[in-house]
Amino acid sequence: MKYRSYKGLDISEVGMGCYALSGSYGSVDLENYKSVLNHALDLGINLFDTAATYGDEAEKILGEVITPVREDVIISTKIGMGDDGRPSLAYDDVKSACKNSLSRLNIDYIDIYLVHFDDPNTEVKETVHALEDLRNEGKIKHYGVSHLPAERVKEYLEEGDVSFCLMELSAVSRQSRKELLPLCQKYGTKAIAFSVTGRGILSGKIDEDSEFAPGDIRKMDPLFKKERFKSALRITEKLKEIGKKYDKTSTQVAINWVLSQDGVISALTGPSSKEHLEENVDSSSWNLKEADLREIESFLDKEEEMLEEKEPEIINEILKDGLPEKIEQAFNDLVYVMEVSIDRGMVEEKKIVPIFQELIGKKKGDEDLTYDQLEDIRRKVKGLIV
Ligand SMILES: NC(=O)c1ccc[n+]([C@@H]2O[C@H](COP(=O)([O-])OP(=O)(O)OC[C@H]3O[C@@H](n4cnc5c(N)ncnc54)[C@H](OP(=O)(O)O)[C@@H]3O)[C@@H](O)[C@H]2O)c1
């Protein structure tokens, strides 16, 4: 494993993300998962990423595993939701969220504390004030942002001493290279990339016949839908072909490609098996040659051109008439429209995020979504798309 130095930290090129504990990639056996985390330590991983919202036990389990090696690891965690289930970034809520995370992790300080989701009701200045106070009190070492619209990230970069920005980045999810990554580079803030295996798709183990369990995020992720999915399968084949030259798998090429991107300090993967973990760790300590990077880039450019042309057509098609009658498909179509329209610059992110949160909030609620509710959201979205 190679390490990259930044702000006094030596960070493993491949980091371990604990999102799997949320159940978003299917169910996880806790005892086995703990042994995967221990194996990550053995393999030289020192960056461990979790969040208050990755399931009730996520921070506690990570805390148990790292207790004997606390000073040798870098713990990154994220601010949870307020009492009403919505993100709250008000001064007191940030302070109490940190206190709760420290207690669950059973540690005295958090190495990297991240703003997880936006709270449009709180000024960035107030949240930064809370984060600075936490740092002065020694409860956190560094802070950063994750999952925020680029324009909001810019506010944080201007207002505070933002050390890290977590962003989705993989050969099949390249959006952050357009705005977020260059923005962070301008301010000297390093990127921690996530979902670098494209949530498993770049392993080549997922195809049109793959079924995901209920609650698996890939059931609604646009990456697994329509042209984006077909494109991802073609990209996977290309990475497989390149990997043969190095005796590496498509996953390893995918992670190495992320590590070759300027401004990236570490690539987080979230495997729940030792076998996948070992494969991912072996993506560090070697480099794709310039010629192969160029070949990948030109392949990705062609895929991007095709998606740029086709995706707006797909969005307009979905929004034109009513949604499909099957509730799950109607829901997935709305998620697709919202996420893809942001990527394609067809909508202002800050305007659509509250509608997205409304949709996801309704889905998580106790009552089943109704067709009328979904249609109502479709009409709101249609009014925003240009
Ligand atoms: N995803 C998000 O929305 C998000 C957002 C913010 C931060 N993060 C952080 O970033 C971390 C990494 O993101 P992620 O978990 O989405 O990463 P990921 O590794 O791209 O996705 C995890 C999925 O990919 C599969 N996978 C990983 N390595 C594999 C391999 N070598 N071969 C086959 N399948 C493989 C895993 O399968 P198995 O379980 O079978 O190993 C799992 O289903 C998260 O855990 C979290 O800490 C994630």
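Predicted model, so just to flag it, every value in this text is computed and none were measured. (Residues numbered from 1 in each chain as written. Predicted model: local features only at pLDDT ≥ 70, side-chain atom pairs only at ≥ 80, totals over all residues. Heavy atoms only, no water.)

Draft legend 1. The arrangement of the state of the cysteines in detail. Counting across every chain of the model gives zero disulfides. Here C18 is not disulfide-linked; the sulfur of C98 is the nearest cysteine sulfur, at 18 Å. By relative accessible area, C18 is classed as buried at 0%. (Disulfide = S-S within 2.5 Å. Buried < 20%, exposed > 50% of the residue type's maximum accessible area, 1.4 Å probe, protein only.)

Draft legend 2. Up close: the site of the ligand. Lining the immediate environment of the ligand, one finds 28 residues, of which Y25, D49, S195, S272 and H276 sit closest. Within the contact set of the ligand, an oxygen atom lies 3.3 Å away from a backbone nitrogen or oxygen of G17. In this structure, an oxygen atom belonging to the ligand sits 3.2 Å away from a side-chain N or O atom of R218. Protein chains bury 94% of the 860 Å² of accessible surface belonging to the ligand in isolation. Element by element, the count of residues in the shell around the ligand is highest for helix α9 (residues 274-281), at three residues. The residue makeup of the shell around the ligand, split by class, is nine nonpolar, 14 polar and five charged. (Near = heavy atom within 4 Å. Polar contact = N/O pair within 3.5 Å; in protein donor to acceptor, adjacent residues only side chain to side chain. Areas by Shrake-Rupley, 256 points an atom, 1.4 Å probe, with all protein chains shown as cover. Helix = DSSP H or I, 4+ residues; strand = E, 2+ residues; numbered from the N terminus. Nonpolar A, V, L, I, M, F, W, Y, C, P; charged D, E, K, R; others polar.)

Draft legend 3. Here's a closer look at the sheet that holds strand β5 (residues 74-78). One closed barrel accounts for eight strands, arranged β3-β4-β5-β6-β7-β8-β9-β10; its pairing is parallel. Each strand of the sheet is rotated relative to its neighbour by a mean of 30°, with strand direction disregarded. Pairing between strand β9 (residues 190-194) and strand β10 (residues 264-269): three bridges, direction parallel. Bridge pairing in β10 links I192 to S266. Along the sheet face, helix α3 (residues 91-105) touches β5, β6 (110-115) and β7 (140-146) and points at about 135° away from the line of β6. (Pairing = 2+ DSSP bridges. Axes fitted to C-alpha atoms, helices over the stretch in contact; angles between N-to-C directions. Contact = heavy atoms within 4.5 Å.)

Draft legend 4. Up close: the side chain of K248. Turning to its location among the elements, K248 is positioned in the loop between α7 (226-246) and α8 (250-259). Since its relative accessible area comes to 18%, K248 is described here as buried. Apart from the residues within four sequence positions on either side, K248 is in contact with G243, V253, D282 and W286.

Draft legend 5. Structural view of the packing of aromatic side chains. Under the definition given, this model contains six aromatic pairs. Measuring from centroid to centroid gives 5.5 Å for Y19 and Y25, while their planes differ by 80°, and the two rings are edge-to-face. For Y25, a relative accessible area of 22% translates into the label partly exposed. Plain terms: the ring middles of Y19 and Y54 are 5.0 Å apart, the flat faces sit at 65° to each other, and that makes the pair edge-to-face. Of this pair, Y19 sits in the loop between β3 (14-17) and α1 (30-42) while Y54 sits in the loop between β4 (47-49) and α2 (58-66), and the two are 35 residues apart along the sequence. Among the residues examined, Y54 registers a relative accessible area of 9% and is labelled buried. Through a chain of ring-to-ring contacts, three or more aromatic side chains come together here, namely Y19, Y25 and Y54. (Phe/Tyr/Trp six-rings, centres within 6.5 Å; stacked < 30°, edge-to-face > 60°.)

Draft legend 6. Broad picture of the nonpolar core. One finds Y113 and I201 to be the most contacted residues of the largest nonpolar core, which totals 85 residues. In contact with I201, not counting residues within four places along its chain, are V172, I206, L223, F224, F229, A232, L233 and T236. Judged by nonpolar contacts, the second largest core, of 24 residues, contains I315, M346, L359 and L369. (Core = buried A, V, L, I, M, F, W, Y, C linked by side-chain atoms within 4.5 Å.)

Draft legend 7. Summary view of a negative patch on the surface. Residues D92, D93, E123, E126 and E159 make up a contiguous surface patch of negative charge. Turning to its location among the elements, E159 is positioned in helix α5 (residues 150-159). (Patch = residues over 30% accessible without salt bridge, like charges linked within 9 Å, V, L, I, M, F, W, Y side chains within 5 Å. Salt bridge = Lys/Arg side-chain N within 4 Å of Asp/Glu carboxyl O. Lys, Arg positive; Asp, Glu negative; His and termini not counted. Charge placed at Lys NZ, Arg CZ, Asp CG, Glu CD.)

Draft legend 8. Focus on the pairing of β10. In terms of residue burial, β10 counts as a mostly covered element, since six of its six residues are buried. One ladder, built from three bridges, connects β3 with β10; its direction is parallel. In the strand pairing of β10, M16 is matched with T269.

Draft legend 9. Broad picture of the environment of E155. Topologically, E155 is positioned in helix α5. A relative accessible area of 36% places E155 in the partly exposed class. Between the C-alpha atoms of E155 and I107, which are 48 residues apart in sequence, the distance is 30 Å.

Draft legend 10. Structural detail: the environment of V153. Inspection of the secondary structure assignment puts V153 in helix α5. Exposure remark for V153: the relative accessible area of 1% places this residue in the buried category. For the pair formed by V153 and P120, sequence separation is 33 residues and the distance between their alpha carbons is 13 Å. In contact with V153, other than residues within four places in its own chain, are V145, L148, C165, L180 and L183.

Note that all results are geometric; they support no functional claim without further evidence.
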